[in-house]
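This is what each chain is made of:
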Amino acid sequence: MHDSTFSDVMSEVLEIREQYVRDRSVFVEGARMVRILRALGATDEDLEKIRLVSDNLSPDPTLPFRESKNGRFCFDFDRSAAYRLESQPFALSAEEDFVRHDSGQTRVFEEIGDDLQGNTAFQALLAFKSLVFREVPTAPRPKLDYGNPSWICTVFNLRTISTPDLVGEPALEGVHSDGVDHTMTTFLGCTNMTDDSAVTFLHDMREKNATRWNETDPELVLGQCRHRHFLDTLIVVDHERKHSLSPVSAVDERQPATRDMLIFFTRKPVLEGHISHPYDSLKAHDRLPMVIGLPSPAARGELVGAGGPVAGGTARWA
Ligand code: FE
């Protein structure tokens, strides 16, 4: 029975991947994500726990309306594994289509701990992302090492908070890109947030950086979506689509409103001359080690089993 569930879910992941290849972005409903993550090893207990993991974040280094943590992981497809990388400062520059007061600044975030990286739902999200983006060709970014077999995934756990005094902006920078190849955003929960808050807009690359979400050219808007249910997930080809977000608004304006997210940035390691070159180590984290196996396309073919749509262990993504 377990096998047939796994097989069904793998066909579903393949469908999601096909949509991603075709449309250059895909939005997956949370209920579907729960089914997929369970098949990839998420336990019911951890699916409950991850809803609350953002209660333990720290003040953000540069944004007063945000709490944050981050952690770096490596997708190592040669070893069919993902592992935690040592901590490094973080930087995004205007060159990478990120224009904000802290562009080009190196920022140091509090580190993601075992409460998140040890959670099987989180580990299943990493596995899910790896299945969707693997071998998807994208418009290359300058100064990234596309000959390197490794992929660096920087994960942010973020809580955006609006109070009577301060508007919580999930993307204060307006229209931007994240400086990576594949961005995945997963909704964990919210409190006191209105139903029209935090809409994500996707824009043609011709849209001007730093334009506010409500001042963009409608002709260059390629789509919009809103994370509203637990685990609603968006994946975008980051160098082919820019994005912007509307703010978090409170239902009861006298009380704070919160929005909790996981953001998974994934890109190739950088080359010399890139702003992140000094901060791009592929060394494992010694104090917070974590390693998980990743389902590989070959193993997927075997696991699907005889009679399945991709039986025989010869399945290829391309
Ligand atoms: Fe972004």
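Worth saying up front: this structure is predicted, and the values here are computed from it rather than measured. (Residues numbered from 1 in each chain as written. Predicted model: local features only at pLDDT ≥ 70, side-chain atom pairs only at ≥ 80, totals over all residues. Heavy atoms only, no water.)

Participant: Describe in detail the coordination of the iron ion, supporting the description with residues and values.
Facilitator: At 2.2 Å from the iron ion lie its protein donor atoms, namely His176 (NE2), Asp178 (OD) and His243 (NE2). The motif formed by the donor residues of the iron ion, counted along the single chain, is H-x1-D-x64-H. Of this pair, aspartate 178 sits in the loop between β5 (150-162) and β6 (182-191) while histidine 243 is found in strand β10 (residues 242-245), placing the two residues 65 residues apart along the sequence. Residue classification places aspartate 178 among the buried positions, given a relative accessible area of 5%. We classify histidine 243 as buried; its relative accessible area is 10%. (Donors = N, O, S within 2.8 Å, 3.2 Å for Na, K, Ca; no water. Helix = DSSP H or I, 4+ residues; strand = E, 2+ residues; numbered from the N terminus. Buried < 20%, exposed > 50% of the residue type's maximum accessible area, 1.4 Å probe, protein only.)

Participant: Outline unusual backbone geometry, listing residues and values.
Facilitator: The phi torsion of most residues other than glycine is negative, and most of the peptide bonds are trans. For lysine 143, which is not a glycine, the phi torsion comes out positive at approximately 65 degrees. The residue lysine 143 is located in the loop between α5 (120-133) and β5 in this model. Overall, the relative accessible area of 35% leaves lysine 143 in the partly exposed class. Unusually for a residue other than glycine, alanine 210 sits at a positive phi of about 75 degrees. A relative accessible area of 35% places alanine 210 in the partly exposed class.

Participant: With reference to specific residues and values, describe the packing of aromatic side chains.
Facilitator: Enumeration according to the criterion identifies 12 aromatic pairs in this entry. Taking 6.2 Å as the distance between ring centres and 5 degrees as the angle between the ring planes, the aromatic pair formed by phenylalanine 75 and phenylalanine 77 counts as stacked. On the accessibility criterion, phenylalanine 77 (12% relative accessible area) is buried. The rings of Phe75, Phe77, Phe133 and Trp151 are connected pair by pair, giving a single aromatic cluster. It is arginine 51 that lies over the ring of phenylalanine 230; its NZ or CZ is 4.0 Å from the centre. (Phe/Tyr/Trp six-rings, centres within 6.5 Å; stacked < 30°, edge-to-face > 60°. Lys NZ or Arg CZ within 6 Å of the ring centre and 35° of its normal.)

Participant: Hey, could you go over the environment of arginine 159 for me, with residue numbers and the actual values?
Facilitator: For arginine 159, the location among the structural elements is in strand β5. Taking relative accessible area as the criterion, arginine 159 reaches 13% and is therefore assigned buried. Distance in space between the C-alpha atoms of arginine 159 and glycine 174 is 18 Å, their sequence separation being 15 residues. Every residue in contact with arginine 159, bar those within four places of it in the chain, is listed here: Ser54, Asp55, Leu57, Phe65, Arg66, Glu67, Thr258, Arg259 and Asp260. (Contact = heavy atoms within 4.5 Å.)

Participant: Give a detailed account of the environment of glutamate 111, specifying residues and quantitative values.
Facilitator: Checked against the element boundaries, glutamate 111 lands in the loop between β4 (81-85) and α4 (114-117). In sequence terms glutamate 111 and serine 87 are 24 residues apart; their C-alpha atoms lie 7.4 Å from each other. Residues contacting glutamate 111, with those up to four places away along its chain left out, are Lys69, Asn70, Arg84, Ser87, His285, Arg287 and Leu288. Among the polar contacts listed, one links the side chain of glutamate 111 to the side chain of histidine 285, at a separation of 2.5 Å. One polar contact links glutamate 111 to arginine 287, side chain to side chain, over a distance of 2.7 Å. (Polar contact = N/O pair within 3.5 Å; in protein donor to acceptor, adjacent residues only side chain to side chain.)

Participant: I'd like a rundown of the nonpolar core, residues and numbers included.
Facilitator: Ranked by internal contacts, the top residues of the largest apolar core, which has 49 residues, are Phe122 and Phe128. Per-element accounting of this core gives the leading share, 10 residues, to α5. Non-local contacts of phenylalanine 128, meaning those with residues more than four positions away in its chain, are made with Val13, Ile16, Val28, Met33, Ile36, Leu37, Leu40, Met184, Thr233 and Ile235. Grouped together as the second largest cluster of nonpolar side chains are 16 residues, Leu92, Phe187, Ala257 and Ile263 included. (Core = buried A, V, L, I, M, F, W, Y, C linked by side-chain atoms within 4.5 Å.)

Participant: Can you lay out the side chain of glutamate 96 for me, pointing to particular residues and giving the numbers?
Facilitator: With respect to the secondary-structure elements, glutamate 96 resides in the loop between β4 and α4. Of the side chains bearing the opposite charge, arginine 267 lies closest to the buried glutamate 96, which forms no salt bridge; the N-O distance is 5.6 Å. One polar contact links glutamate 96 to histidine 274, side chain to side chain, over a distance of 3.3 Å. Among residues more than four places away in sequence, those in contact with glutamate 96 are Ala91, Arg141, Ser177, Gly179, His274 and Ile275. (Lys, Arg positive; Asp, Glu negative; His and termini not counted. Salt bridge = Lys/Arg side-chain N within 4 Å of Asp/Glu carboxyl O.)

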